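Per-entry structural report
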Amino acid sequence: QTERLLKMTLEERRKEYLGDYVALKTIPTWMEDLKSRSESDGENAKEDLQGKKSLSEKVSLYRGDITLLEVDAIVNAGRWFDVL
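The name given to the chain in an unreviewed UniProt entry is MACD2 deacetylase, and the organism recorded there is Notiomystis cincta.

1. Notes on the side chain of Thr29
Structurally, Thr29 can be placed in the loop between helix H2 (10–16) and helix H3 (30–41). The residues contacting Thr29, other than those within four sequence positions of it, are Ser56, Glu57, Val59 and Ser60.

2. Regarding the packing of aromatic side chains
Scanning the entire structure with this criterion turns up 1 aromatic pair. Centroid distance Tyr17 to Tyr21: 5.0 Å. Interplanar angle 65°. Geometry classified as edge-to-face. By relative accessible area, which is 34% here, Tyr21 ends up partly exposed.

3. Digging into the environment of Arg14
In this fold, Arg14 is placed in helix H2. Along the chain, Arg14 and Glu70 lie 56 residues apart, while their C-alpha atoms are 8.9 Å from each other. Discounting residues that sit within four places of it in the chain, Arg14 has contacts with Tyr21, Ala23 and Glu70.

4. Topic: the environment of Tyr21
Examined against the element boundaries, Tyr21 turns out to sit in the loop between H2 and H3. Each C-alpha atom of the pair Tyr21 and Leu68 lies 4.8 Å from the other, and the pair is 47 residues apart in sequence. With residues near it in sequence (within four places) discarded, Tyr21 still touches Arg14, Leu68 and Glu70. Within the structure, Tyr21 has its side chain in polar contact with the side chain of Arg14 (distance 3.3 Å).

Criteria and thresholds
- Residues numbered from 1 in each chain as written.
- Predicted model: local features only at pLDDT ≥ 70, side-chain atom pairs only at ≥ 80, totals over all residues.
- Heavy atoms only, no water.
- Helix = DSSP H or I, 4+ residues; strand = E, 2+ residues; numbered from the N terminus.
- Contact = heavy atoms within 4.5 Å.
- Phe/Tyr/Trp six-rings, centres within 6.5 Å; stacked < 30°, edge-to-face > 60°.
- Buried < 20%, exposed > 50% of the residue type's maximum accessible area, 1.4 Å probe, protein only.
- Polar contact = N/O pair within 3.5 Å; in protein donor to acceptor, adjacent residues only side chain to side chain.

Set out below in structure tokens:
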């Protein structure tokens, strides 16, 4: 099953989905979200943009059912610190 999925294009995979899904490209990055807020909130949000560029351009925040995200895997690292 895994090999079959790995050989498929994105469009072929999407035909296999059983229901709705959320494509990652539709989720704004943290920076895009801050910029959209700064346009509506004025100067307050612009201060939040300074010093956070490198991380905020790579990270997206998503609220919703993560099982609907179009990703290859969902990993739970909640107990990682207990192992140390």
